[in-house]
Amino acid sequence: MQFGPFLLSGALMSFFDDLSDKVSETIDSVKQKFSSEKLFNFAADVATKKMGTSNWDGLSPYLIAQFFEVAPVDNNGRRTWKRKIGSKVVKAPFVGDGTLSVQLAWQSPFENMSSENAAPNAAALLQSGQLNSILNAFTPDAFDTLKNKSQEYLSQYEGRTGLTKLNSIQTFNGMQPLDISGTLLFRAWNDGLTEVETPLNQFIEWALPVELSADSALVSAAKTVTQDKDASQDDKVDAHVQALMPSRAPVKIGMTFMGKTYLPLVIESFDFPITSPINPNGHHVCVALNVKLCSLTAIDRNDWRNL
């Protein structure tokens, strides 16, 4: 019996060793299942909860649009866009009719080659048969034979047109960037500040310029000339760029919705209903924000596949 405590201690050690091995195996399994990108997205989601967002429990995640700031990266000499590290995430569902619009410009460069464009009035009179009545008004009765032959010839043009498949060929002349428009819903269950105001203000900050210089380009150029002579060459280049374009444009964002990720996008316009309901603290509790997003460039089929 005196060896009982030692046997019990050994059993406990064996149990904890087995438990440690199982925990290690679980951690390794999680590491294999989650790529660095997924872990990054998880961290972004955690940051979102810290930032504050509406509670959408019970709603499918595919129906909730996620917005985040993106930055350009060099991918083997090709410029691509990815979510910016540390970027906050704004979540809101689209309500009503959210639309994705692509406008393609097709036109016929040969439409001016038809006879209607060469002599539009004469062609219209020939096609409609009205030229015969004009001929009757100006041709004397003594020239009945000439008139009859002229009418017989002109009547052949009635009901015919100069439009052909050749001069109506459509050619692709360009396209506009992709447009996404709809209404984002921000609403609060508990706290209007963290669930509505904070994510809404973040979205509006993305839409606005990062900074507008208070000085004119001329003043900025004068500051560049009088800069410290000991500044490095890189600093001088940056100063000249700052003098030419002293302000900073709005950032580019990305959007994930219904399993597709669109990036980079710019916020072209938004309508903020300032008379939306508020709580006793003056914070909005429900805001329907009309937005229009636009892709940075026109897209092709490869871009669509990469969504």
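Structure's up top.
Computed from a predicted model, the values in this text were never measured in an experiment. (Residues numbered from 1 in each chain as written. Predicted model: local features only at pLDDT ≥ 70, side-chain atom pairs only at ≥ 80, totals over all residues. Heavy atoms only, no water.)

1. What about the pattern of salt bridges?
At step 1: Using the criterion set out here, one finds two salt bridges in the structure.
At step 2: A salt bridge links Lys 84 to Glu 69; the shortest N-O distance between them is 3.4 Å. Placement of the pair is Lys 84 in the loop between β2 (78-83) and β3 (89-101) and Glu 69 in strand β1 (residues 64-75), with a sequence separation of 15 residues.
At step 3: Residue class for Lys 84 comes out partly exposed when judged on its relative accessible area of 38%.
At step 4: The class for Glu 69 is buried, based on a relative accessible area of 15%.
At step 5: For Glu 268, the salt bridge identified is with Lys 292, shortest N-O distance 3.2 Å. (Salt bridge = Lys/Arg side-chain N within 4 Å of Asp/Glu carboxyl O. Helix = DSSP H or I, 4+ residues; strand = E, 2+ residues; numbered from the N terminus. Buried < 20%, exposed > 50% of the residue type's maximum accessible area, 1.4 Å probe, protein only.)

2. Observations regarding a nonpolar patch on the surface
At step 1: Together, Leu 100, Val 102, Leu 104, Trp 106, Phe 172 and Trp 304 line one region of the surface with nonpolar side chains, adding up to about 610 Å² of accessible area.
At step 2: One can find Trp 106 in strand β4 (residues 104-107). (Patch = residues over 30% accessible without salt bridge, like charges linked within 9 Å, V, L, I, M, F, W, Y side chains within 5 Å. Areas by Shrake-Rupley, 256 points an atom, 1.4 Å probe, with all protein chains shown as cover.)

3. Focus on helix α7 (residues 192-207)
Because each turn of an α-helix spans 3.6 residues, side chains separated by three or four positions in sequence point in the same direction.
At step 1: Across its 16 residues, α7 extends 21 Å between first and last C-alpha, which sits within 8% of the 22 Å expected from 1.5 Å per residue.
At step 2: Along α7, the residues that are buried comprise Gly 192, Glu 195, Val 196, Glu 197, Pro 199, Leu 200, Gln 202, Phe 203, Ile 204, Trp 206 and Ala 207.
At step 3: A side-chain oxygen of the first residue of α7 lies 3.1 Å from the backbone nitrogen of Leu 193; this N-cap is Asp 191. (Expected span 1.5 Å × (residues − 1). Polar contact = N/O pair within 3.5 Å; in protein donor to acceptor, adjacent residues only side chain to side chain.)

4. Concerning the environment of Ile 267
At step 1: Here Ile 267 shows up in strand β8 (residues 260-271).
At step 2: Distance in space between the C-alpha atoms of Ile 267 and Leu 293 is 4.7 Å, their sequence separation being 26 residues.
At step 3: Excluding residues within four positions of it along the chain, Ile 267 makes contact with Phe 203, Trp 206, Ala 207, Ile 253, Lys 292 and Leu 293. (Contact = heavy atoms within 4.5 Å.)

5. Points about the packing of aromatic side chains
At step 1: Evaluation of the coordinates by the stated rule reveals three aromatic pairs.
At step 2: Measuring from ring centre to ring centre gives 5.3 Å for Phe 67 and Phe 203, while their planes differ by 80°; the resulting arrangement is edge-to-face. Taken together, the residues span a long stretch of sequence, with Phe 67 in strand β1 and Phe 203 in helix α7 at a distance of 136 residues. When sorted by exposure, Phe 67 lands in the same class as Phe 203, which is buried. (Phe/Tyr/Trp six-rings, centres within 6.5 Å; stacked < 30°, edge-to-face > 60°.)

6. Considering the side chain of Asn 279
At step 1: Here Asn 279 is to be found in the loop between β8 and β9 (286-295).
At step 2: In this structure Asn 279 touches Gly 192 and Val 285, once residues within four positions along its chain are discounted.

7. Here's the deal with the pairing of β8
At step 1: Bridging between strand β7 (residues 253-257) and β8 involves four bridges; their strand directions are antiparallel. Looking at the pairing, Met 255 lines up with Tyr 262 of β8.
At step 2: Of the pairings in the sheet, the one linking β8 to β9 comprises six bridges and is antiparallel in character. Counted as the bridge partner of Ile 267 is Leu 293 from β9. (Pairing = 2+ DSSP bridges.)

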